[in-house]
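Structural features, examined
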Amino acid sequence: MASRNAGAALLMLALSGAAFAEEEEIWSPYDRFHAPNEDCELVALVPAPKGAWGVVGHTCNRLNGEPVGSLVVIDALGRRDTSPVSVALEAASDRDRMKELVQLLPVPSGGYIATYHSRDEKAPEGDSGPASIAHVLVRHTVKGARAEAFNQKVQQALLQKVGASSFIITAEVDAKSRLIVAASTPDRNDRKEAPLWLLRFTPDGALERAQRFDSTLKELGLGWYVLNQVRARPDGGLFVSGRFETEEPQDVPVLALDAQWKPEARFNRPLISWLTGGKADLELSLIAPGPGGSVIGAGELVQGEVRSHVVRLTSGGRLDPAFKPFRQEGGSSVPRMWMGPGGTVVLAQDTLPAVDSPEGPSRAPGLVRLKADGSVDARFQAGLGAGLRYRKLAAKEAPESEGFLQMVAVMPDGSVVVDGRFNELAGQKVTPPLRLAANGTRVADFQARFETVLPPKKQVPNATTSAFFKADGQSHFIACSRKGGVTETFIYWMQGNAWGHTPSCAIHLGGSGASPGGAWQHCDARIRKAQAEGADCVETKHDPMDTRQR
């Protein structure tokens, strides 16, 4: 195929205004699993409406090593719910399976809000505390459909208020079904000069309030910051957690805003004064509003020789003497915290020792439930027994120590669902995720599975012909040159399925390696996108993987 013919074809496509191929509509052999829960990560589990039990948000069915996301409804034993509403929700969220799920939030008036991290390598980058930033926010109605009018209003407000390169740091839904979003733009020099916005939307998606939180920090004499969470209070105010630095410097881990989103002096001043007094260090990565205007936080408090990992602050910004501070065994972190019924708190222990110490195996059970006063719930711990243990990769190999527990969810009935890299509970072999009853014992029949119940989609299969080439048994190369001298070369393979497809394509940016691009249609879509962004794309005979041509 002559180079000028390919170039002409590309130019014709660009000038014709042809619609970009929706990559998520391209079939892939990795879009469906053959083994239950293989390569799946449970991200969230929230209560489902009456008639079902829970809505699972997961990153699953990885396509060429890239994560995909979806929402499914399950019953109390983890089985897929096949009611029309449940199938409608799964079908509507299936459009987002090429993205990585970040948050799943139930809406009190009905439906759900999901946020996703884009797989686009050109998506804005930023920090968001313990989780990934999100680029896409999708609300689903009570019937499972996408609330497109709501979604468009929120997207437009973020573009107009925050900017074209905006991203979502974290999101929250309050008791009145209002969406609260913390958003910012990339901070190129890490100087904390990027705007930090707090926005609130009505249940129909109208922008109700927008405020620069970085300006609020300046009012309080606080500078460099990292924002972790925004949690709604019953009175309409907010708790905001992160690292907010004083002039000393000393980190303040949480701040309170009143119903008008003004700094709440009765909480903030005593807390800042206590921490800047040099007698204590407090770091909180996870927070949850407590009773009477208090806030419960997981992190670390160091006060003299005393260390605690879960504390409660009163509405006056001081340690609550009625709450027993919890100290994690071994001094490990608390990466997951979930509020349960009756003010209970469930904690995940994520840094258990991978190798037993000379003193013997760790006694940490992996999960701990606290009562409303902070004391350990002995009934739950007794049911849990020896607790969870690491999954062994193979005989004589060390256990997997990263991401031991990846998700913990507490349901309204007091039961706990946990997912992670473990295969043993109280000495018995298990397959995660697990459901534990309110007394800590395993619900033996629960086994959440993620095979889709959606009917087969009329999707474009892996083609033998791309938009630019026909299968002729030869490799082809299209180089897309962008401003700044960056060149992406799309390599169209004919042989084998090394990338998971037959035929398949790859993307070369430099060096001797290339990234898998998926089916031919995936590369076709990326080439069209590159053209729309001003790249000059032409066929070349140069194989970027051939070192002899360098």
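Placed above this text is the structure.
My aim in this report is to walk through the structure given alongside it, one point at a time.

**Details of the overall build of the protein**
Assigned secondary structure in the protein consists of seven helices and 30 strands. Here the protein, with 550 residues, has 52% of them falling under the buried criterion. Contacts spanning at least 24 positions in sequence make up 50% of the contacts within the protein whose residues lie at least 6 apart.

**Some thoughts on the nonpolar core**
Generally speaking, a soluble globular protein has its nonpolar side chains buried in company with each other. Within the largest apolar cluster, 37 residues are counted, with the highest numbers of intra-cluster contacts made by Phe213 and Leu238. Setting aside chain neighbours within four positions, we find Leu238 in contact with Ile180, Leu198, Val230, Arg231, Ala232, Arg233, Leu255, Ala256, Leu257, Asp258 and Trp261. Counting 21 residues, the second-largest nonpolar core is a separate cluster that includes Leu105, Leu137, Leu158 and Ala183.

**Digging into the packing of aromatic side chains**
Under the defined criterion, the tally for this structure stands at three aromatic pairs. Here the aromatic rings of Phe213 and Phe244 are separated by 5.9 Å at their centres, their planes lie at 75 degrees, and the arrangement is edge-to-face. Here Phe213, found in helix α4 (residues 213-219), pairs with Phe244, found in strand β12 (residues 238-245); they are 31 residues apart in sequence, far enough to count as distant. Of the two residues examined, Phe213 and Phe244, each falls in the buried class. Lying over the aromatic face of Phe150, Arg139 brings its terminal NZ or CZ to 5.1 Å of the ring centre. The aromatic ring of Phe239 is capped on one face by Arg233, whose charged end is 5.1 Å from the ring centroid.

**Re the state of the cysteines**
Note on terminology: a disulfide is the covalent bond linking the sulfur atoms of two cysteines. Inspection of the entire model under this criterion finds one disulfide. Residue pairing for Cys480: its cysteine sulfur links by disulfide to Cys537, the two sulfurs lying 2.2 Å apart. Between Cys480 and Cys537, the disulfide has an S-S torsion of 120 degrees and is therefore right-handed. You can see Cys480 sitting in strand β26 (residues 476-481) and its partner Cys537 sitting in strand β30 (residues 536-540), a full 57 residues away along the chain.

**Some words on unusual backbone geometry**
Residue Pro432 is joined to Pro433 through a cis peptide bond whose omega torsion reads 5 degrees. Secondary-structure assignment places Pro433 in the loop between β24 (428-429) and β25 (434-436). For Ser177, which is not a glycine, the phi torsion comes out positive at approximately 65 degrees. Along the chain, Ser177 falls in the loop between β7 (167-173) and β8 (179-184). On the accessibility criterion, Ser177 (7% relative accessible area) is buried. Unusually for a residue other than glycine, Ala426 sits at a positive phi of about 50 degrees. Inspection of the secondary structure assignment puts Ala426 in the loop between β23 (422-425) and β24.

**Side note on helix α7 (residues 520-532)**
Taking 1.5 Å per residue as the helical rise, α7 with its 13 residues ought to reach 18 Å, and the 19 Å between its terminal C-alpha atoms agrees with that figure. In terms of burial, α7 is a largely internal element, 11 of the 13 residues being buried. The set of residues buried in α7 consists of Trp520, Gln521, His522, Cys523, Asp524, Ala525, Arg526, Ile527, Arg528, Ala530 and Gln531.

**Thoughts on the sheet that holds strand β15 (residues 295-303)**
Pairing is antiparallel across the open sheet formed by three strands, whose spatial order is β14-β15-β16. The open sheet has two free edges, formed respectively by β14 (281-289) and β16 (306-313), since each of these has just one partner strand. Across the sheet, the mean angle from the axis of one strand to that of its neighbour is 20 degrees, orientation sign disregarded. As defined by bridge partners, β14 adjoins β15 across eight bridges and the pair is classed as antiparallel. In the strand pairing of β15, Pro289 is matched with Val295.

**Considering the environment of Gly78**
Topologically, Gly78 is positioned in the loop between β3 (66-74) and α2 (84-93). Judged by its relative accessible area of 2%, Gly78 is buried. Each C-alpha atom of the pair Gly78 and Leu434 lies 9.2 Å from the other, and the pair is 356 residues apart in sequence.

**A word on the sheet that holds strand β21 (residues 405-410)**
Strands sit in the order β21-β22-β25 across an open sheet of three strands; the sheet is antiparallel. Bordering the open sheet on either side are β21 and β25, each of which pairs with just one other strand. This sheet shows a mean twist of 20 degrees between the axes of neighbouring strands, independent of strand direction. Bridge analysis of strand β22 (residues 416-420) against β25 gives three bridges, and the strand direction is antiparallel.

**A word on the pattern of salt bridges**
Should their charged atoms come close, side chains of opposite charge can pair. Summed over all chains, the structure comprises 20 salt bridges. With its nearest N and O atoms 2.7 Å apart, the salt bridge here joins Arg79 to Asp75. A salt bridge links Arg243 to Asp251; its shortest N-O distance comes to 3.1 Å. Exposure remark for Arg243: the relative accessible area of 35% places this residue in the partly exposed category. Connected through salt bridges with shared partners, the residues Asp174, Arg178, Arg200 and Glu208 form a single ionic network.

**Observations concerning the pairing of strand β19 (residues 367-370)**
Of the two faces of β19, the one lined by Leu367 and Arg369 and the one lined by Val368 and Leu370 are each fully buried. Across four bridges, strand β18 (residues 345-348) lies against β19 in antiparallel orientation. Among the inter-strand pairings, Val345 is bridged to a residue of β19, identified as Leu370.

**Some remarks on the side chain of Ser184**
Assignment of secondary structure puts Ser184 in strand β8. Within the local environment of Ser184, its side chain forms a polar contact with the backbone oxygen of Pro195, the two atoms lying 2.5 Å apart. The residues contacting Ser184, other than those within four sequence positions of it, are Val162, Ser165, Ser166, Phe167, Ile169, Ala194, Pro195 and Leu196.

**Focus: helix α5 (residues 265-276)**
End to end, α5 covers 16 Å across 12 residues, agreeing with the expected 16 Å (1.5 Å per residue, within 8%). Turning to α5, its buried residues are Phe267, Asn268, Pro270, Leu271, Ile272, Trp274 and Leu275. On its buried face, α5 sits against β12, β13 (251-257), β14, β15 and β16. At the exit of α5 stands Gly278, carrying a positive phi of roughly 80 degrees.

Calculation rules
Residues numbered from 1 in each chain as written. Predicted model: local features only at pLDDT ≥ 70, side-chain atom pairs only at ≥ 80, totals over all residues. Heavy atoms only, no water. Helix = DSSP H or I, 4+ residues; strand = E, 2+ residues; numbered from the N terminus. Buried < 20%, exposed > 50% of the residue type's maximum accessible area, 1.4 Å probe, protein only. Contact = heavy atoms within 4.5 Å. Core = buried A, V, L, I, M, F, W, Y, C linked by side-chain atoms within 4.5 Å. Phe/Tyr/Trp six-rings, centres within 6.5 Å; stacked < 30°, edge-to-face > 60°. Lys NZ or Arg CZ within 6 Å of the ring centre and 35° of its normal. Disulfide = S-S within 2.5 Å. Expected span 1.5 Å × (residues − 1). Pairing = 2+ DSSP bridges. Axes fitted to C-alpha atoms, helices over the stretch in contact; angles between N-to-C directions. Salt bridge = Lys/Arg side-chain N within 4 Å of Asp/Glu carboxyl O. Polar contact = N/O pair within 3.5 Å; in protein donor to acceptor, adjacent residues only side chain to side chain.

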